[in-house]
Structure formats: C-alpha cells, structure tokens
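# Summary of structural features
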Amino acid sequence: MSEQLKFIVEQLNKEPFRMNFNLITFDSQEPMQLLQILNDVLAEIDPKQAVDIREEMPEQTVKRMSSMLGMLKYKPPATLSDVSSFRLGLVTGSKPVVHPILHWLLQRLPELKKRAYLARFLVKLEVPAEFLQDDVISDTYHQYEELVEGFKTYHKECEHLRSSGFSTAEIRRDINAMEEEKEQLIKRVERLTKRVESVSNHQRMLEQARQLRVEKEREESLMHQKQEQKNQLFQAEQRLLRLQQQLQDLRQAAADATPESLMKRLEEEIKINSYMVTEKLPKELEGMRRTVQYMQKVASEPAMGQADLQEVENKIKEVDSQINQLIEKRMMRNDPMDDKLTLYRQQASIIIRKKESKAEELQEAREELAAAEKELKQRGSQGQGSQGEKVIRGDELKRLVAKLRSKGTAYKKKKQEIAELRAEYGVLQRTEEILKRRHDTVQQKLQTVEAEKGISGYSDTQEELERVSAIKSGLDEKKGRTLDDMSEMVKKLNSMIAEKKSALAPIIKELRSLRQRRGELNQEYEEKKAQYESCAAGLESNRSKLEQEVKALREEMAQKENRYHYINAMSEIIELQIQRAAEEMKAYVSSDPLEKKKAIREVYMKNIAEQELLGKKLREEQKLVRESHSANMEQMKMWRDLEQLMECKKQCFIRAQSQVSIGQIIQEGGEDRLVL
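Residues numbered from 1 in each chain as written. Predicted model: local features only at pLDDT ≥ 70, side-chain atom pairs only at ≥ 80, totals over all residues. Heavy atoms only, no water.

For clarity, the threshold we go by: UniProt positions are given in the numbering used here, feature names are shortened, and annotations may be inferred rather than shown by experiment.
The name given to the chain in an unreviewed UniProt entry is Intraflagellar transport protein 81 homolog, with the source organism recorded as Fundulus heteroclitus. As recorded by UniProt, the Sequence similarities (unreviewed entry) comment attached to the chain reads in full: "Belongs to the IFT81 family." Regarding the chain, the UniProt comment filed under Subcellular location (unreviewed entry) reads as follows: "Cytoplasm, Cytoskeleton, Cilium basal body".

Following this line, the structure appears as structure tokens:
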C-alpha cells in the first residue's frame, strides 16, 4: 500500500497535474478532496469530465465516473467485487476504493487518453428496434455505422503512418537536399549554355535537340499507351474467359438441377448445419467458457511461489500414479464383454474424430471462400476504378515510398562516411610523412653524434641487446614454470591412481561373480525366448484366421443393415407419395368447392390466371408510356430552353448592376427598353 501511495504522489506532482503533494498531505485529504483529485485525473483523460463535483449531485457524480471507468475497462479489486459496495465507496470517497483507481489510471495515462478519444467516435448509440422500422431513421443509422467504420479505417492508416518512421525533419532534409541538387543543376545548365554559345549555329542545334527530346517523349508515351492497351486487351480476354466459364457452369448446374438432386443437396446442407449448430459449436463454446473460467480463476488467485508450484507438481504426480493404477487394475480384470465393446467404442471414436475433422475442414473452407470472395470483390472494384490500369494499393505504395526513402538516406549516409574516411586518410598520410621525416632527422643527428664520439652503431647494438635479453628472460621463466607444473601433475596422477585402485578392488571381485550369473541368465533367457516365439507364432496364425472371419461377417452384416435401411426408407417414401396422390385425387374429384380449392391443380391455375392479368396490365401501361414519350420529351426540351433563357436574363441583370449605369432600362408591356 505504501508503494501504491508513493507512486500516486510522484505522478500527481509531475506534469500536467503539479499538485505538490507528499505522502502525509495526500493521505490526510478529505473524501470530497479525494473525489476532486480523481475527477481531475479523469478530466486529463477526457476533457468532458472537467467539472466541479461540489456543484454536482452525488448520484450524478457516481453515475458519470462509473460510466467513464466502465468505458476505460477498469476492474475493481477482488475485495470490492460487489457493485453496491464499490458504488458506496465511490460516493463516500473511501480510500480503499479511490486509491486503486488513481493507481490504475496513472499507470496507463497515455493508453487511456487514446481509448477515451476513440470511445467518442466508436461507442455506438443505442437505438430501439421499433424506431429502426422507420426508413429515414434506418438509413441515417446505416450512414452512422458506415461513418464509424470509415473512422476506424482512417485511424488505422494514421497510426500506421505514425509508426512507419516518417518525420518532418527527414522530409525537410530531403527538401533541402533536393533544393541543393536543383541549384547545382541550374549552375551546370548555365555553364553548358555559356560553353555552347561559342559554337556556331548553336541555336539550330539546340532546336534539333529539343525536337529530338520531344520525339523521344512522344515515343515513350506511345509505348506506354501501347502497353496500356495490351493490358486492357488481356484483362478483357480474361474477363471473357471468366464469363464463359461462369456461363458453362450455370448451364451445367441448370442441366443437373433436378428436384431430387436439389432436395438431396439441401438435405446434406441441413445435416451439416444442424451438426455444426447442435454438436460442434456448442462443444467449442463450452470449451471456450471453461478456458475463460479457468483463466479468471487463475487471475483472481494470488501469485504462486516456488513452494506452491512444487506442491501442485506433487499433486499432479499423485493423480497420475492413481490413474496408472486404475488402468492396470482394469487391464488385469480383462472382462470379455468389455473387450467386445472396446472395438465398437474405438470405431465410434474414430468416426467422431473424422466427423469433427471434416467439420473443421468445412469451416476453414467456408472462411477461405468468404475471404476470397471479399478480396475478389475488392479487386474488381479497384479494377473498375482504375479503368484497366494496374492498381497499386495504399500499403504497397507506402512500403515502396518508405523503401526508397530508406535507400536514399542510406546512400547519403554511406556517401558522407566515404568522404569523411577519405579526409581522415589524407590527414593520416600527411601525419605519417611528417613523423617519418622527423624520425629520419633524429636518426641522422644521432649517427653524427655517435660518429663524433667514436661509437658508431652504438644505439642499434644497444636496442638489439635489450630485445634479446628480454626474450631470454621470458623463455627462462616459462621453462621454470613448466617443469614445476609437470612435477606437481605427476604427483597428483600417482596419488589418484592409487586411490582408484584401492576403491575398485572390491568392485572388481563382485563383478566376477556377477559375470558368471549373467552367463547363466543369458542361457535361460534364450531357452524361454525360443519357447515364447513358437507359442506366439501359433497364436498369431489362429488370431489372423479369426480376424479374417470376423471381418467378413462384419462386412456382410453392414451390407445387410444398409440394404434393410434403404428398403425401409424407400417404402416409407412410396407410402407418403401414394398417400399424397390419393389426397390430391380425392380433393380433385370431390364435389365440395372448398376441397377443390385445396388441390394443387386449382392453386396453380389460380396463380397462372393472376400472373396473366398482371402481364396484361403491365403491357397496357407500357403502351401508354410509349404513346406519351415523344410529347413528354418535347415538353422537357421546352422547359430546358426556358431555364436557359431565364438564366441568361439573370446574368444580364447582374452584369448591368455591377457596371456603371450608362442609361435607364424601362419595362413596359413585357418589353425592356434602354434609354441613354
């Protein structure tokens, strides 16, 4: 608790709070002051929370703070798991409630600011379902949801740009470098212009060079257009192939689409979906719930030490040993009934596993199909928007720009390093030359002094003697150390050999008797092994014969069962068809008009008559539209002419008002006259 208070005080004394607390003054704060400090921290996260709690009702304060903490995903401590006690502590400004909240908020201040900012736009408004029945409200709500999704996309792009390494300093440096290159190019152009001016007919040569450049640019544009047209042609051919394949698939589907095949396909889909809904998904949901409960239980428990971990491992070992003992007891019991049922259990478990694996493969295939369809739709929309050009996606463009920028900066850095190394190499060369000259002058002076004193070559002889003496002393020391180490090592090895011999003597005696015993056991083992192999071969041959017989009988039984189920199902289907035909015949032959109306023939005849009436009515409406089309078009053209005439008058009037009056306009009898 003291560490928690210390952390809270340190954070409150920093920017942007600067409250100048110490542990004593902070601990002596009143409940109302504690709540105001908590409100100030929340106001730093979300400016909408900046209110004076003395001017607010306690219920409103608690409701506002609770909703804010819920939006920030704050979880109360385990001691305050009850919501009522947490609310009561928040109302009264209790330290055990407020201090953990402050500690949690101050630990994650930047993250919570971002979450509060996003919550302003991502927390959706709750609209009752009965209000959404209105078309205007429903359209507005859909637009609101689309705007929320668009905000998510733009926010992700913004975060990606921030984390991609772009900075204004780098951009400024690039701009400065480009300006320098521009100035260098301008100077170079000026130098070349001055050099060319001295050549005769330079204007004519410049004009021809300009025309050559224009023709090359035109050739490049034509090549680009040619490549674009090739791409468009290739895309059109690919689209034609896709459409032909779709048409062929649709024709094959229409040719094979009999009512029986459709019913069979629908029944298979219903079986698969019912299995997914009733068996697979509930199992996965239950497994996830158990995992979440286990994780919550682990998170709620205190941290475990080494002793607790050792105790848990011991319990696991005990439970494993008990399981092994139960398995051994069950195997020793060897109930024949269990042996018969074991095979069926294994087959059932294998079938269940295959069923689950196929369901997972189906789910993965559906997800891949949905993802592929979504990607295809996006590619199609992008292709239509770009009119056949190759589309470079935003992420690819950003990666390309970042790659080029990084290469440019790396090239500039390496270039600068090479220049620095060349400069340093020149300095070092100059230093080496100076030192060599100084050394030569000193040697010459020394030789002249030695010649004057009559001891020429004394310095060289002295250096050689010192070097030889140093080498000799090093070799002597190394030889002495080597001899001492070898003598000590020999003594140690002799003592160790004697100790090992004395320790191994009783073991060697015991080993001789054990070798004799091993020879006897090997002989007995070979005899028993021969007996076992002969017995096992006989049993194995009998077992293989029995397995073949059992396999043949099981296959025959499975075939009979399949035949029985097939015949039973066909008989039920035929009975239902006969019953349905009898009911239809009874309804069709019956004199009761109500019964006749229930017949399928009457229902279809009624539907055909209604559709014929509807087609007749639509044809009449089409005839009326065709007859009035020319008159309506002429009237629309007249209205457009009138609109243009009025617009022209409006422009003339505005132009007359804006200019200086040079006359007077008189309007009489629908005519305008200008009097100067």
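### What about helix H7 (residues 109-122)?
Rule in force here: Helix numbering and strand numbering both begin at the N terminus, where a helix is a DSSP run of H or I of at least 4 residues and a strand a DSSP run of E of at least 2. Each helix should span, by expectation, one fewer than its residue count multiplied by 1.5 Å. Exposure is judged per residue with a 1.4 Å probe applied to protein chains only, and the accessible area is read against the type maximum: over 50% gives exposed, under 20% gives buried, and values in between give partly exposed. Residues are treated as being in contact if the distance between any of their heavy atoms lies within 4.5 Å.
Compared with the 20 Å implied by 1.5 Å per residue over 14 residues, the 20 Å span of H7 between its first and last C-alpha is a close match. Turning to H7, its buried residues number three or more, namely Leu109, Leu112, Ala116, Leu118 and Ala119. In this structure, the buried residues of H7 make contact with helix H3 (31-45), helix H4 (58-71), helix H6 (95-107) and helix H8 (135-163).

### A few points about unusual backbone geometry
In this chain, Glu15 is followed by Pro16 through a cis amide linkage whose omega measures 0 degrees. Mapped onto the secondary structure, Pro16 falls in the loop between helix H1 (2-13) and helix H2 (23-27). Residues other than glycine seldom take positive phi values, yet Arg18 does so here, at roughly 55 degrees. Inspection of the secondary structure puts Arg18 in the loop between H1 and H2. Backbone geometry at Lys73 places phi at a positive 65 degrees, although glycine is not the residue there.

### Remarks on the pattern of salt bridges
Cut-off, in case you're wondering: A side-chain nitrogen of Lys or Arg and a carboxyl oxygen of Asp or Glu constitute a salt bridge if their distance falls within 4 Å.
Enumeration over the complete set of coordinates arrives at 17 salt bridges. Put simply, Asp52 and Arg54 hold a salt bridge, and the shortest N to O gap is 3.1 Å. Residue classification places Asp52 among the partly exposed residues on the basis of a relative accessible area of 25%. In this structure, Glu311 engages Lys315 in a salt bridge whose closest nitrogen and oxygen atoms are separated by 4.0 Å. With Glu311 and Lys315 both in helix H12 (residues 306-333) and four residues apart, the pair spans about one turn of that helix. What you see here is one network of salt bridges that share partners, running through Glu540, Arg543 and Glu547.

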